[in-house]
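Inside the fold
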Amino acid sequence: SMFRLVSAAVVQTLLLNAKTARGVEHVDFGLDDECAASEEGQCALSAAQLRVRRLIAVRDAEAVRLARSSACAAAWGDCLESRCCGDSDYTCFEKDDTYAQCRESCELGVHDDDDPKFMTAWSCSVLSSSPSANASTTAAKSTTAAPSSDDSTSEAPTRSVPVNRTVVPAADPIVIKGNFLYNSGDGKRFFAKGVAYNPRNVNYLGVDEGPKSAICKAGTPPFRALGYTDDVSTDELEEQWVPNLEAIAALGANTLRLYNVNPDKSHRKFMQKAAELGLYIVVPLTRMDWGYLPAFPSPDCYTKDIEGYGNVGVNLLTSAKLIVKQFSEFPNTLMFTVANEMPVNDKNGYAAYPCVKALTRDIHRYQSSCAGNMRRVPLIYSDMDMGSPTRLDIAKYLSCAVESPDDAVDAYGLNVYSWCDPEYLDDKGKPNFRYSPYQSVIDDFASFGKPLLFTEFGCNTGAFESVCPYKGGRTWVDVPPMFKQMGQVLSGAIAFEFSMEKNQFGIALTPGFLDGQDELLLLDTYRALQKQFLGNDVNPTWDGIDVDKCAALPSDVAPMSHEHEAAACPATAVWTELQEKYRVDTVANWDELPPTPDAPLLNVRGQAECPAFDVPKSVYNESCCHMNCSVGAR
């Protein structure tokens, strides 16, 4: 999973210490940051330290840059800015996206001689060597790089895989009818065959999770490494994402999920290229560094003021509105993710769900206020699969109406990594889906009233584990049951993930990941997923719905096995017991939502609240099926 939410138990102390030490007057401080989960309660400390270290590193790097006036760094100096070393015996090794050092060699992982305050893992990615050294000499200097293997590049690198299929441009918005998704143009059912997309341009030295290989040698990526908070879909990165989108389309996918977008940047080229390739996009509303939803017990997660950052609710709603304003124009924006995996790294995430509903309410009302200028793109929440009954209790809560229907999400997502065997056998030794972990998902969601998507899936352990150079790996045998046994329950599945990153879930190697691999390399697991996506499709039984009819349901087209009804909110005893089970610091009242922050877009460089865009009449009418359009009437 991609988002990492943290608490603030030690934030203020660390922040004040950093400001005192460096004389910092203003801090753009974010809690929602990547942290390596360790013992319970330690993740928040790690994240806060990481953020403070980044803050200090940024100031130090700027000072160094000015002092040396673009000269190469001295031995043991910070070379992040110059990307070169003045001494020919030293190489510029990257620690992370905030620090690099001129060293004689580099050991992957944590260094015992690092300052205890900054004792985090070194990626040892080579930024450059001395001005006179060539690339091959530079690569050889890493003490963790092993001899390369012919197997690592045995497949000819390619920028796309031609397939015998017609790509239909993503020109018509996808709409919700009951618990299914439909194409608004032809009334056919839509199933999101997707891929998670968050490439960082790392090489093999950046891998720090899962098994390591002795035969793979890291290459030199042609593009700069992207940090955890970077936006990978901006127009300025077109050279990087065009071949990736082409490969995803050739996969047989029709959906791509993003994890961090910056509304100050243009994404028009990205969205238009995706539409040409038949790709719909799931866009996040929460960000990593500014405009995040912190895992604080409600109402603090939507009302708290943080020194040097401001009010979390104001910043979150402002940022989310800017994203909605920009991306609602594109017909291939599939959904907005209001939040992701709130409790994944902090137990207090279980007490923050009322803030998810508050943001959902406020975005729905924002969409309503701009009804004539903005399509009502559905909102989805994506959570880790906690098993039964917790996952269903949370799904019911987020999709029920506490104050009004405005605070209910339009769809629900699970990040599922439970199918880890090629087959599941019954007591007679025969393969039987009912013995698989997906059967319990059907049992829980058979009557769920809104679309359910696997917003991430793809176990990579056990029989599906693959070691560099990544032969074999995941065969995606769980895809066919999604269309057959789960056909009336599931409306999409997004494979995690496109590019090979530090956790080794990728189905492709971005250029320079391995030595001698200069172009995009599609792996065996890519071809296995391609076979499954192209070989399985949604049952057409429920095609032909009247998309212009607000009350239309799939059962109007053909009978369904279960009735799908609106969820009732869980009783007080249910959400109290759930929070106590996970030992939250403060049990939040799930029946009470935080108030709406005052966050007009006029405060953002004086811009208009609604986009200067008139939605087509058919789109407007469909949007008004789901909201009160009287406020933003045409």
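Structure's up top.
Model, not experiment: these values are computed from the prediction.

Points about the sheet that holds strand β4 (residues 174–177)
Spatially, β4-β5-β6 is the arrangement adopted by the 3 strands of the open sheet, whose pairing is antiparallel. With one partner strand each, in any of the chains shown, β4 and β6 (189–190) form the two edges of the open sheet. One ladder, built from 2 bridges, connects strand β5 (residues 180–183) with β6; its direction is antiparallel. Bridge assignment links L181 to a residue of β6, and that residue is F190.

Some thoughts on the side chain of N460
Within the secondary structure, N460 is located in the loop between β15 (452–457) and α11 (479–483). A polar contact of 3.1 Å, which involves the side chain of N460, links it to the backbone oxygen of Q504. N460 has contacts with E465, R474, N503, Q504 and F505, leaving out every residue within four places of it along the chain.

Details of the packing of helix α4 (residues 238–250) against helix α5 (residues 268–276)
Two elements in contact, α4 and α5, have axes separated by 10 Å at closest approach and are oriented at 20°. Between α4 and α5, the angle falls in the class roughly parallel. You can see that α4 and α5 cross each other, and the crossing is right-handed. Contacts between α4 and α5 pair E238, W241, V242, L245 and E246 from the former with K269, F270, K273 and A274 from the latter.

Considering empty space enclosed by the protein
Applying the stated rule across the entire model yields 3 cavities of 30 Å³ or more. Within this model, the largest cavity holds a volume of roughly 110 Å³. Surrounding the largest cavity, 16 residues form its lining, N201, F223, Q240, W241 and N244 being those nearest its centre. Here the lining of the largest cavity is composed, by residue class, of 10 nonpolar, 4 polar and 2 charged.

Remarks on the pairing of β5
Residues F180 and Y182 point to one face of β5 and L181 and N183 to the other, with burial holding for every one of them. Note: β4 against β5, 4 bridges, orientation antiparallel. Across the sheet, the residue bridging to I176 is L181, located in β5. Here β4 hands over to β5 after 2 residues, with G178 in that stretch at a positive phi of 65°. A loop of 5 residues connects β5 with β6, the two strands running antiparallel in sequence, and G187 in this loop sits at a positive phi of about 75°.

Some thoughts on the layout of surface pockets
In this structure, the second largest pocket spans a volume of roughly 940 Å³. Here the lining of the second largest pocket is built from residues that sort into 22 nonpolar, 13 polar and 11 charged.

Observations regarding the side chain of T455
Checked against the element boundaries, T455 lands in strand β15. In this structure the side chain of T455 is engaged in a polar contact, spanning 2.7 Å, whose partner is the side chain of N415.

Re the state of the cysteines
Applying the stated rule across the entire model yields 11 disulfides. For C85, the disulfide goes to C102, at an S-S distance of 2.1 Å. One disulfide, between C85 and C102, carries an S-S torsion of -100° and so falls in the left-handed class. Taken as a pair, C85 in the loop between α2 (43–68) and β1 (91–96) and C102 in strand β2 (residues 99–103) lie far apart in primary sequence, 17 residues in all. Residues C85 and C102 agree in their burial class; the two are buried. Shown here is the disulfide that connects C624 with C629, its sulfur atoms set 2.0 Å apart. Between C624 and C629, the disulfide has an S-S torsion of -115° and is therefore left-handed. Judged by its relative accessible area of 23%, C624 is partly exposed. Given the relative accessible area of 9%, C629 is considered buried.

Describing helix α8 (residues 353–369)
Taking 1.5 Å per residue, 17 residues should reach 24 Å; α8 reaches 24 Å between its end C-alpha atoms and fits that length. Judged by how many residues are buried, α8 sits mostly within the fold: 15 of 17 residues are covered.

Conventions used here
- Residues numbered from 1 in each chain as written.
- Predicted model: local features only at pLDDT ≥ 70, side-chain atom pairs only at ≥ 80, totals over all residues.
- Heavy atoms only, no water.
- Pairing = 2+ DSSP bridges.
- Helix = DSSP H or I, 4+ residues; strand = E, 2+ residues; numbered from the N terminus.
- Polar contact = N/O pair within 3.5 Å; in protein donor to acceptor, adjacent residues only side chain to side chain.
- Contact = heavy atoms within 4.5 Å.
- Axes fitted to C-alpha atoms, helices over the stretch in contact; angles between N-to-C directions.
- Parallel < 35°, antiparallel > 145°, perpendicular 65-115°, else oblique.
- Left-handed = near helix turned anticlockwise from the far one by under 90°.
- 1 Å grid on protein atoms, 1.4 Å probe; cavity = no way out; pocket = protein on both sides within 12 Å on 5 of 7 lines; lining within 4 Å.
- Points joined across faces, edges and corners; volume = space filled by probe spheres on them.
- Nonpolar A, V, L, I, M, F, W, Y, C, P; charged D, E, K, R; others polar.
- Buried < 20%, exposed > 50% of the residue type's maximum accessible area, 1.4 Å probe, protein only.
- Disulfide = S-S within 2.5 Å.
- Expected span 1.5 Å × (residues − 1).

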